[in-house]
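Structure at a glance
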Amino acid sequence: VQLQASGGGLVLAGGSLRLSCAASGSIFMFDAMGWYRQAPGKQRELVAAITSGGSTNYADSVKGRFTISRDNAKNTVYLQMNSLKPEDTAVYYCNAVLGVGVTTTYWGRGTLVTVSS
């Protein structure tokens, strides 16, 4: 399985971007998919996740501003990012988790999001 993230770029603070994560196969098989980010000098952190049943989870820092969604027909997961802040600047990675308990995790290459003030 390959995951291809896209949609990053340079945006002014207060602006919006939508990231896409396209899977090479059906995303029905995955128990959860998510977006992580890693800022320079910081650890990778969870931004948002969505389960196969549609339940979502967000980092406190993005609640109310970011929305994760999935389009099973297009085998794609999205991250709509609104009201962007300079502290959202990071490389964003998508992942997909197969299994519960004993899991297999797939990672896509990152896409850079830069928010200027």
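Worth saying up front: this structure is predicted, and the values here are computed from it rather than measured.

The helix and strand inventory of the chain stands at zero helices and 11 strands. Along the chain, helices and strands appear, N-terminal first, in the series β-β-β-β-β-β-β-β-β-β-β. Its C-alpha atoms give the chain a radius of gyration of 13 Å, near enough to 13 Å, the size a compact globule of 117 residues would have. Across the 117 residues in the chain, those meeting the buried criterion constitute 40%. Considering only contacts within the chain whose residues lie at least 6 apart along the sequence, 53% involve residues at least 24 apart. Roughly 6100 Å² of accessible area belongs to the chain as shown, and the carbon and sulfur atoms make up 50% of that amount. Counting 10 positive and 6 negative side-chain charges, the chain places the centres of these two groups 4 Å from one another.

Of the two faces of strand 11 (residues 111-116), only one is covered, namely that formed by Thr111, Val113 and Val115; the face formed by Leu112, Thr114 and Ser116 stays uncovered. One ladder, built from four bridges, connects strand 2 (residues 9-12) with strand 11; its direction is parallel. If you follow Val11 over to strand 11, its bridge partner there is Val115.

Inspection of the secondary structure puts Phe66 in strand 7 (residues 66-71). Given a relative accessible area of 2%, Phe66 falls into the buried group. When the C-alpha atoms of Phe66 and Gln80 are compared, they prove to be 5.5 Å apart, with 14 residues separating the residues in sequence.

Attention now moves to the packing of aromatic side chains. Inspection of every chain in the model, using the stated rule, returns two aromatic pairs. Measuring from centroid to centroid gives 5.9 Å for Phe30 and Tyr106, while their planes differ by 65°, and the two rings are edge-to-face. Placement of the pair is Phe30 in the loop between strand 3 (17-23) and strand 4 (32-38) and Tyr106 in strand 10 (residues 104-107), with a sequence separation of 76 residues. On the basis of relative accessibility, which here comes to 0%, the residue Phe30 falls in the buried class. Its relative accessible area of 23% is what places Tyr106 among the partly exposed residues. Ring centres of Tyr36 and Trp107 lie 5.0 Å apart, and the angle between their planes is 65°; on these two criteria the pair is classed as edge-to-face. Placement of Tyr36 in strand 4 and of Trp107 in strand 10 is noted, with a sequence separation of 71 residues between them. With relative accessibility at 40%, the residue Trp107 sits in the partly exposed group. Cation over ring: Arg44 sits above Tyr93, and NZ or CZ is 3.8 Å from the ring centre.

Counted under the stated rule, the structure contains one disulfide. In this model Cys21 forms its disulfide with Cys94; the gap between the sulfur atoms is 2.2 Å. With the S-S bond torsion at 60°, the cross-link from Cys21 to Cys94 turns out right-handed. In this pair, Cys21 sits in strand 3 while Cys94 sits in strand 9 (residues 90-98), placing the two residues 73 residues apart along the sequence. The pair formed by Cys21 and Cys94 is uniform in burial state, with each residue classed as buried.

Thresholds applied
Residues numbered from 1 in each chain as written. Predicted model: local features only at pLDDT ≥ 70, side-chain atom pairs only at ≥ 80, totals over all residues. Heavy atoms only, no water. Helix = DSSP H or I, 4+ residues; strand = E, 2+ residues; numbered from the N terminus. Rg over C-alpha atoms; globule rule 2.2 N^0.38 Å. Buried < 20%, exposed > 50% of the residue type's maximum accessible area, 1.4 Å probe, protein only. Contact = heavy atoms within 4.5 Å. Areas by Shrake-Rupley, 256 points an atom, 1.4 Å probe, with all protein chains shown as cover. Lys, Arg positive; Asp, Glu negative; His and termini not counted. Charge placed at Lys NZ, Arg CZ, Asp CG, Glu CD. Pairing = 2+ DSSP bridges. Phe/Tyr/Trp six-rings, centres within 6.5 Å; stacked < 30°, edge-to-face > 60°. Lys NZ or Arg CZ within 6 Å of the ring centre and 35° of its normal. Disulfide = S-S within 2.5 Å.

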